[in-house]
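Chain and residue survey
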Amino acid sequence: MISQAVLGLGGVGKSELALQYAHRHRAEYRLVWWIDADDPEQIRSGLAALARALACGIDSVAAEQATAQEAAAWALSWLATHPGWLVIFDNVEEVSYVEPYLARLAHGRVLITTRRDIGWHHLNITSIRLELLTRPAAIALLADLIGPPDSADIHALEDLAEQLGDLPLALTQASAYIARTPRMSLTKYLDLVKTIPARMYAAAPPASDAERVVAKVWSLSHARIQAINPLASHVLNVLACFAPDNLPCAVLTGLHDADELQVD
Ligand SMILES: Nc1ncnc2c1ncn2[C@@H]1O[C@H](COP(=O)(O)OP(=O)(O)O)[C@@H](O)[C@H]1O
Ligand SMILES: [Mg+2]
């Protein structure tokens with residue numbers, strides 16, 4: 001089994017990377033299947049959809065009538081007995097969501113994207129961390145989406161890439177906003193993002209998928225951290241006040257009724 005997990009922040013480009021990989025290598029696989037893996041229910045219905053796609057001719061009636069559970073089991077049997085496929089589990093929230101399936105997925109390749117960075121190793125899954133874009137790549141992406149800059153604008157592009165932390169999601173959101181909003185220029189957007197960052201990170205470009213704006217993705221990640229470990233969320237809030245400066249550890253050990261071991 002070759003299984004690989006791509007780890008990283010929301011919006012850093014994990015799904016895009018998986019998509020590009022699948023696209024470029026599709027000729028090497030007899031089957032490529034994408035499964036949204038945010039929760040166990042979605043995984044099951046992704047597998048069920050695979051069963052329906054695989055079942056043609058005489059099997060199709062049975063496949064239509066099967067429950068999601070039955071169809072998913074059928075898809076797993078198919079995957080367990082056929083080589084040469086690629087299955088992508090996109091945005092796996094918890095390692096445990098895919099763990100039950102992995103043993104049956106030994107005949108092909110599994111590609112996982114996830115924000116979770118622990119727990120993969122013991123499942124024999126190699127993980128790679130996807131980092132932010134380099135500054136030149138971030139500038140090139142902005143220029144590509146907004147349109148080629150005149151020489152005066154090149155500094156504004158650089159400034160904007162820095163403001164947006166070279167995060168692909170932020171770069172694509174800002175570019176789409178500038179390109180699609182009447183009377184919005186690069187310099188005006190840059191001004192706005194410096195003066196009212198929270199509003200600009202929450203502002204969806206016209207005709208966009210409003211779920212994919214920076215503020216939304218951030219608040220989902222934040223809510224998730226809060227649900228898993230409220231102390232981690234508290235530590236994060238404190239650190240955010242000082243970021244990106246270095247901070248003595250003692251600042252954190254003083255947090256209200258937190259035990260030091262947990263803070264560590
Ligand atoms: N290397 C890249 N070049 C251009 N655009 C990118 C790149 N990586 C990501 N994007 C774009 O940035 C946005 C966020 O990427 P996405 O893959 O959805 O992030 P993630 O899955 O890590 O949350 C998407 O619109 C995507 O198309
Ligand atoms: Mg994604």
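The rules we used
Residues numbered from 1 in each chain as written. Chains lettered and ligands numbered in written order. Predicted model: local features only at pLDDT ≥ 70, side-chain atom pairs only at ≥ 80, totals over all residues. Heavy atoms only, no water. Axes fitted to C-alpha atoms, helices over the stretch in contact; angles between N-to-C directions. Helix = DSSP H or I, 4+ residues; strand = E, 2+ residues; numbered from the N terminus. Parallel < 35°, antiparallel > 145°, perpendicular 65-115°, else oblique. Left-handed = near helix turned anticlockwise from the far one by under 90°. Contact = heavy atoms within 4.5 Å. Nonpolar A, V, L, I, M, F, W, Y, C, P; charged D, E, K, R; others polar. Expected span 1.5 Å × (residues − 1). Buried < 20%, exposed > 50% of the residue type's maximum accessible area, 1.4 Å probe, protein only. Arc of directions from axis to C-beta.

1. Examining the packing of helix H2 (residues 40-54) against helix H4 (residues 68-81)
Packing of H2 against H4 brings their axes to within 7 Å, and their N-to-C directions diverge by 70 degrees. On the basis of their axis angle, the class for H2 and H4 is roughly perpendicular. Considering how the two elements wind past one another, H2 and H4 form a crossing that is left-handed. Note on element contacts: H4 touches H2 through Ala68, Gln69, Ala71, Ala72, Trp74, Ala75, Leu76, Trp78 and Leu79, opposite Arg44, Leu47, Ala48, Leu50, Ala51, Arg52 and Leu54. Per-class residue counts for the contact of H2 with H4 are 13 nonpolar, one polar and two charged.

2. Topic: helix H6 (residues 135-146)
Its 12 residues give H6 an end-to-end C-alpha distance of 16 Å, which sits within 8% of 16 Å, the value for a rise of 1.5 Å per residue. Every buried residue belonging to H6 is among Ala138, Ile139, Leu142 and Ala143, and all of these are buried. The buried residues of H6 occupy an angular sector of 135 degrees when the element is viewed end-on, so they sit on one face. Projecting away from the buried face of H6 at angles above 90 degrees are the exposed residues Pro136 and Asp144. Summarising the contacts, the buried residues of H6 are in contact with helix H7 (153-163) and helix H8 (168-180). Following H6 by one or two positions, glycine 147 adopts a phi angle in the positive range, close to 115 degrees.

Take it as geometry only, folks, not as evidence of what the structure does.
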